Amino acid sequence: MIKLKFRNEHIFHLLLLPGVILVLIYNYIPMAGIVMAFKRFSPSKGMFGSPWAGWDHFVYMLSMPNIYQVLWNTIFISAMKIIALAVVPVVFALLLNEVKNRLIKRSVQTIVYFPHFLSWIILGGIFIDILSPSEGIVNRLLQSIGIEPVYFLGDKSWFPFTLVGTEIWKEFGYGMIVYLAALAGVDPSLYESAVMDGAGRWKQTLHITLPNLVPMMVLMTILSLGNVLNAGFDQVFNLYSPQVYVSGDIIDTLVYRIGVQDAQYEVATAVGLFKSVVSLLLLSGSYALAYRYTDYRIF
Amino acid sequence: MTAFRKSSSGRKAFVIFNYMVLIGAALACLLPIVNILAISFSSSSAVGSGAVRLWPVGFNVDSYKYVLGKPEFITSFLISVKRVLVGVPLNMLLTICIAYPLSKDKAQFKWRSLYVWFFIMTMLFSGGLIPWYMTIKATGLIDSFWALILPGAVPIFNVILLLNFFRSLPKEIEEAAVIDGANVWTALWKIAVPLSAPAIATLVLFCIVTHWNSWFEGLMLMNNPDNYPLQSYLQTVIVNRDMTLATSADWRSMMNISDRTTKAAQVFVATVPVLLVYPFLQKYFAEGIVLGSVKG
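Quantities reported herein were computed from a predicted structural model and do not represent experimental measurements. (Residues numbered from 1 in each chain as written. Chains lettered and ligands numbered in written order. Predicted model: local features only at pLDDT ≥ 70, side-chain atom pairs only at ≥ 80, totals over all residues. Heavy atoms only, no water.)

Visitor: So, the overall build of chain B: which residues are in play, and what are the values?
Guide: What chain B contains, in helices and strands, is 14 helices and zero strands. When its helices and strands are written in sequence order, chain B yields α-α-α-α-α-α-α-α-α-α-α-α-α-α. Burial analysis of chain B (296 residues in total) assigns 55% to the buried set. Across chain B, the fraction of contacts at a sequence separation of at least 24, relative to all contacts at a separation of at least 6, is 70%. For chain B, the exposed area adds up to about 13,100 Å²; of that, 69% sits on carbon and sulfur atoms. (Helix = DSSP H or I, 4+ residues; strand = E, 2+ residues; numbered from the N terminus. Buried < 20%, exposed > 50% of the residue type's maximum accessible area, 1.4 Å probe, protein only. Contact = heavy atoms within 4.5 Å. Areas by Shrake-Rupley, 256 points an atom, 1.4 Å probe, with all protein chains shown as cover.)

Visitor: Describe the pattern of salt bridges, with residues and values.
Guide: Evaluated as defined, the whole model comprises 13 salt bridges over all chains. The salt bridge partner of B:E174 is B:K104, with a shortest N-O separation of 2.4 Å. You can see B:E174 sitting in helix α9 (residues 171–179) and its partner B:K104 sitting in the loop between α5 (71–102) and α6 (112–124), a full 70 residues away along the chain. By the burial criterion, B:E174 is buried, and B:K104 matches it. The residue B:D259 makes a salt bridge to B:K263 at a minimum N-O spacing of 3.5 Å. Placement of the pair is B:D259 and B:K263 together in helix α14 (residues 259–294), with a separation of four residues, close to one helical turn. Residue B:D259 shares its accessibility class with B:K263, and that shared class is buried. Through salt bridges with shared partners, a single ionic network connects A:E98, A:R201 and B:R11. (Salt bridge = Lys/Arg side-chain N within 4 Å of Asp/Glu carboxyl O.)

Visitor: Provide a residue-level description of the packing of α6(B) against helix α8 (residues 156–168) of chain B, including the pertinent values.
Guide: Residue and element names in this part refer to chain B. Here α6 crosses α8 at 145°, and the two axes come no closer than 9 Å. Across the interface between the two elements, R112, F119, I120, T122 and M123 from α6 touch I156, F157, I160, L163 and R167 from α8. In terms of residue class, the contact of α6 with α8 is made up of seven nonpolar, one polar and two charged. (Axes fitted to C-alpha atoms, helices over the stretch in contact; angles between N-to-C directions. Nonpolar A, V, L, I, M, F, W, Y, C, P; charged D, E, K, R; others polar.)

Visitor: Residues and numbers for the interface of chain A and chain B, please.
Guide: Between chain A and chain B, the residue contacts involve 96 residues of the former and 107 residues of the latter. Carbon and sulfur atoms supply 75% of the area buried between chain A and chain B, which totals about 9,200 Å² over both sides. For B:R260, the salt bridge is made with A:D129, and the minimal N-O distance between the two is 2.8 Å. Summed over the shared surface of chain A and chain B, the number is 15 residue pairs in polar contact (both at pLDDT 80 or more). Here the residues of the side of chain A that touches chain B sort into 66 nonpolar, 16 polar and 14 charged. (Buried area = accessible area lost by both parts, 1.4 Å probe. Polar contact = N/O pair within 3.5 Å; in protein donor to acceptor, adjacent residues only side chain to side chain.)

Visitor: Break down the side chain of B:N35 for me, citing the residues and quoting the values.
Guide: Within the secondary structure, B:N35 sits in helix α2 (residues 9–40). If near-sequence neighbours (up to four positions away) are discounted, B:N35 is found in contact with A:D129, A:I130, A:I137, B:V52, B:R53 and B:L54.

Visitor: Quick one: what's the story with helix α10 (residues 201–225) of chain A, residue by residue and with numbers?
Guide: Look at α10(A): 33 Å from first C-alpha to last across 25 residues, which is about the 36 Å you get at 1.5 Å a residue. The sharpest bend along α10(A) measures roughly 40° and falls at A:L210, with the proline A:P211 sitting one to four residues further on. (Expected span 1.5 Å × (residues − 1). Bend = angle between axes of the 7 residues up to and from the residue.)

Visitor: Which residues make up a nonpolar patch on the surface, and what are the values?
Guide: Residues B:I23, B:L27, B:L30, B:L31 and B:L54 make up a contiguous nonpolar surface patch of about 370 Å² in total accessible area. Note on placement: B:L54 falls in the loop between α3 (44–48) and α4 (62–68). (Patch = residues over 30% accessible without salt bridge, like charges linked within 9 Å, V, L, I, M, F, W, Y side chains within 5 Å.)

Visitor: Can you break down the confidence of the model for chain B residue by residue, with the values?
Guide: All names here are of chain B. Residue-level pLDDT values for chain B average 87, and 90% of them are 70 or greater. Confidence, read as mean pLDDT per element, is least for helix α1 (residues 2–6) in chain B (66) and greatest for α5 (96). Ignoring residues within four places in sequence, the model shows residues 243–249, a span with pLDDT below 50, making 12 contacts including any to other chains. (pLDDT = per-residue confidence, 0-100.)

Visitor: Describe the nonpolar core, and please don't skip the residues or the numbers.
Guide: Formed by 183 residues in total, the largest nonpolar core has its most connected members in A:F117, B:Y100, B:F119, B:V154, B:L234 and B:F285. Broken down by element, this core gets its largest block of residues, 12 residues, from α5(B). Leave out the neighbours within four places in its chain, and B:F119 touches A:L16, A:G19, A:V20, A:V23, B:I98, B:L102, B:V154 and B:I156. (Core = buried A, V, L, I, M, F, W, Y, C linked by side-chain atoms within 4.5 Å.)

Visitor: Could you give an account of the packing of aromatic side chains, with specific residues and numbers?
Guide: Residues and elements named next belong to chain B. Under the defined criterion, the tally for this structure stands at 37 aromatic pairs over all chains. Taking 5.6 Å as the distance between ring centres and 80° as the angle between the ring planes, the aromatic pair formed by W215 and F216 counts as edge-to-face. For W215, a relative accessible area of 2% corresponds to the buried category. Overall, F216 belongs to the buried group, its relative accessible area being 16%. (Phe/Tyr/Trp six-rings, centres within 6.5 Å; stacked < 30°, edge-to-face > 60°.)

What follows is the structure in structure tokens.
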């Protein structure tokens, strides 16, 4: 083997330079900007020049009456989403895998992938309309079979489940793709020998198909663990309202309200920093687990 | 069909059940969108009385006439189009220029690991909302079109997808070209990029959808609503429920439209561009994301 080298390695640096500059400015300066959490901000002195405030903003953060509820909401909502999106796509991938009619298979795929590509603004517009208790089609249908209208977006006990339901609606199809790809990679001779041994369809699914999906399920679940504190800002922000804050407010929406609406920049940065640090630990942990148990590497 | 007739009765029951579940799921994804579409083409009285399900009642296009005649809607629509036209090529140029050097191994580019960690770090940690806003403000981009382009110009996740794709290309082709005297520049644009056409097509489509759908930057970084891209504008008129059309009396003069029909029309107009790229998107993305997520 000859080790081939380009004669001019420095052109690599040149190719990287514009990207490095942009990332330095718009990603690394904000990272350094976490010092805001320890400052008493004055607009004239800026992020880095303002006087120090020590841990005051963190002490204040822990004294906020709703902080523990918000933390719980965040974990509860994203845990339910992680579980639902570990199960539902696998079930549908298995069902779709049994379909032999190519036209039906293809049409179902085309339709269920589509919602993934719509923004939560568009979906907010759709769900606010169809889930409306007085006028929405969902409640009209429920009423026509004798069920009382449900305040999906306005009732604090329903709201977290509405979030999980609409998230599944948007993402289950897209989540299926990796499992369909894993199914396509299963060695057909395994099925042939199973048939020879007298295994029916159900046994084949149980002993061949499912075990082949497990590594992918484990990998996807481990990777999603790193995002436990991301309960879905876009979705919650566009669907929630003050009457469901008690069960639907999450860290990101709280940071937005403290920082943007109340203009308490330092406290918002402190809450955001708390989230970033915990997320860093979770992400590193989940990547380490994924590497250890499934040989997964991001690059 | 003959195979179906020959199969056991248990199998038959399963096949029928399976088709019902899958078609039910597909309908569940489709029908809410169809309902909104039907509402947008219906008369306000039919919508108000709850008569509209999947087909317009009292068909008319007044809501669309109203929406497309609204200067704010048109302005923000054009800003979004401009954003896609400027933002996507810049995203792609940067993605290619970063992914290529990082796809080399250590022997070819000894600084590789340092650069990779420099970029990966931004996926693991961020300064959060306020420092992000302050930084953009300090660079003078508030109320500027470039605020929608520059802060997100380097899509790190796409860089990693393309980096992995470059690494999966057969090395022999490039080695042969280098022996023939090709430099880095030629190897990149004449070999690596053309060979990666499917991956690059996927990323282009991802970037289009990302730019089209993003709304938060517009809302945060534009003080003047005239500078909102479409999704930010729609956030203020559709989702933010205390800013309804009811404040302006002009729509009352038109019998056929209401708050609900105009919102539905706006939702649908904003979805059309996604529908247009979707067939292309679907052709490539399965390959693209599988590549990114199972790369071992």
